[in-house]
Amino acid sequence: MPAAKILVSHVIGEEAVAKLESVSVSNNTVKRRIEEMSVDIADQVVEGVKFSKYGFAIQLDESTDVTNCSQLLVYVRYTQSNAAKTELLLSQDLSSTTTRKDIFNVLDNFFKQNELDWVKLVRCTTDGAPSMLGRKSGFQAHVKAVEPNATAVHCFIHRFTLCAKVLPPKLLSCLNRVIRIINFVKTSALNTRLFKLLCEDFGSDHICLLYHTEVRWLSRGNTTRRLFELRDVLLVFFKEKEHDFQKDLEDEELISRLAYLSDIFGALNHLNLLFQGPDCTVTEFISKLGAFVRKLDLWMKNVASERYGMSSFNLIYNHHSINNGFLMDGGECYAFDSSV
């Protein structure tokens, strides 16, 4: 505040300084104002849900964060002033167990406290876990018990992500090798520091690798692309350590598969991001997914005809090993295998 007063006195004048002195900046005052604004926003959302003309739909998920704190997030979509709105309805820690009954009880208590009617619920979206989708004892079964007309939906993006996790053996082996290389560098504080210094000496755009984690949908694309971009620095790093990983980074076949994985994961990440955000509708999802499927057909034909100049696959296109032929298996492109 003293610095702000000096700044204001020079720019505006002493009258503005007097106004600044009347502003309370105590911790309790700031805390109280934040809480008041938070309560007001929550009340507006609840009121909007109550008076939604066509009912409302919810989407929820329970997850454990890096501090081992289990959290329940519930989003709601409703209509207000002839427009669809999507807002955060509930964010609550689950202090004990996280069974389907516990999750339902938390949501049911919230509905009762805010006088929300289950009858106005038209759709409930969850992930594909049995505890959520189970017809007899899952969370959706508890919802059906209070509102039989509510439609249970398995999250569209979650289904898509599960399908995209399937990889042919050779590409899966490449991905596993990449993860081991990253873990070797990232799990050691000394290796992390040395690799950072090496990246700075090389003038690289990045100074660290990225961890791979299955629960983050964009993880694989970002992880593989970062390692591909830093592969030359990594090769020097492992040569200095005389580690066996240098053989992997000298293997043109593995590097080409890595480039291919980076490109295909990048395309899937882009599609995933198109599915996210406010005001997205099922019609838009279907349109975007249909366009992507048509692109897959085009990519398969281009690969079969050895036409690799595709904008979505710039890494493998620019890599000199593209013409070696090992990306093809039985006449089919790995990433477009029917199991994916």
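Keep in mind the model is a prediction, meaning the values are calculated, not measured. (Residues numbered from 1 in each chain as written. Predicted model: local features only at pLDDT ≥ 70, side-chain atom pairs only at ≥ 80, totals over all residues. Heavy atoms only, no water.)

Visitor: Can you lay out the overall build of the chain for me, pointing to particular residues and giving the numbers?
Guide: Per the secondary structure count, the chain includes 15 helices and 7 strands. Counting over 340 residues, the chain shows a buried share of 36%. A separation threshold of at least 6 residues defines the contact pool for the chain, and within that pool the share at least 24 residues apart is 60%. Per element, the accessible surface of the chain, about 20,100 Å² overall, is 53% carbon and sulfur. (Helix = DSSP H or I, 4+ residues; strand = E, 2+ residues; numbered from the N terminus. Buried < 20%, exposed > 50% of the residue type's maximum accessible area, 1.4 Å probe, protein only. Contact = heavy atoms within 4.5 Å. Areas by Shrake-Rupley, 256 points an atom, 1.4 Å probe, with all protein chains shown as cover.)

Visitor: Quick rundown of helix 11 (residues 231–241)? Include the residues and the values.
Guide: Residues of helix 11 that are buried: Val233, Leu234, Leu235, Phe237 and Phe238. Structurally, helix 11 contributes buried residues whose contacts are with helix 8 (169–186), helix 9 (189–202), helix 10 (219–229) and helix 12 (245–250).

Visitor: Tell me about the sheet that holds strand 1 (residues 56–64), and name the residues and values.
Guide: Neighbouring strands of a sheet are bound in pairs by backbone hydrogen bonds; such pairs are parallel or else antiparallel. Strand order in the open sheet made by the 5 strands is 3-2-1-4-5, with mixed pairing throughout. Looking at the sheet topology across the chains shown, the edges are occupied by strand 3 (83–93) and strand 5 (151–154). Here the strands of the sheet are splayed against their neighbours by 20 degrees on average, with no regard to which way each runs. Note: strand 1 against strand 4 (residues 121–126), 4 bridges, orientation parallel. (Pairing = 2+ DSSP bridges. Axes fitted to C-alpha atoms, helices over the stretch in contact; angles between N-to-C directions.)

Visitor: How would you summarise the pattern of salt bridges if you had to cite specific residues and measurements?
Guide: Within this structure, the stated rule accounts for 8 salt bridges. For glutamate 47, the salt bridge identified is with lysine 50, shortest N-O distance 3.7 Å. Of this pair, glutamate 47 and lysine 50 both sit in helix 3 (residues 27–50), 3 residues apart, which is roughly one turn of that helix. By relative accessible area, which is 23% here, lysine 50 ends up partly exposed. Between arginine 225 and glutamate 229 there is a salt bridge, and its shortest N-O distance comes to 3.5 Å. Pair noted here: arginine 225 and glutamate 229 are both in helix 10, with a separation of 4 residues, about one helical turn. For glutamate 229, a relative accessible area of 39% gives the class partly exposed. It is possible to trace a salt-bridge network through shared partners that takes in Glu47, Lys50 and Glu115. (Salt bridge = Lys/Arg side-chain N within 4 Å of Asp/Glu carboxyl O.)

Visitor: How would you explain the packing of helix 8 against helix 11 if you had to name every residue and give the values?
Guide: At their nearest, the axes of helix 8 and helix 11 sit 13 Å apart, and the two run at 65 degrees to each other. With respect to helix 11, the axis of helix 8 lies roughly perpendicular. Where helix 8 crosses over helix 11, the two elements pack in a sense that is left-handed. Packed against helix 8, whose contacting residues are Ile181, Phe184 and Val185, the element helix 11 presents Leu234, Phe237, Phe238 and Lys241 at the interface. A per-class count over the contact of helix 8 with helix 11 returns 6 nonpolar, no polar and 1 charged. (Parallel < 35°, antiparallel > 145°, perpendicular 65-115°, else oblique. Left-handed = near helix turned anticlockwise from the far one by under 90°. Nonpolar A, V, L, I, M, F, W, Y, C, P; charged D, E, K, R; others polar.)

Visitor: How would you sum up helix 13 (residues 252–274)? Please name residues and give values.
Guide: For helix 13, built from 23 residues, the straight-helix expectation of 33 Å at 1.5 Å per residue is met to within 8% by its first-to-last C-alpha distance of 33 Å. A large share of helix 13 lies buried, amounting to 17 of its 23 residues. You can read the cap of helix 13 off the contacts: a side-chain oxygen lies 3.0 Å from the backbone nitrogen of glutamate 253, and it is on aspartate 251. (Expected span 1.5 Å × (residues − 1). Polar contact = N/O pair within 3.5 Å; in protein donor to acceptor, adjacent residues only side chain to side chain.)

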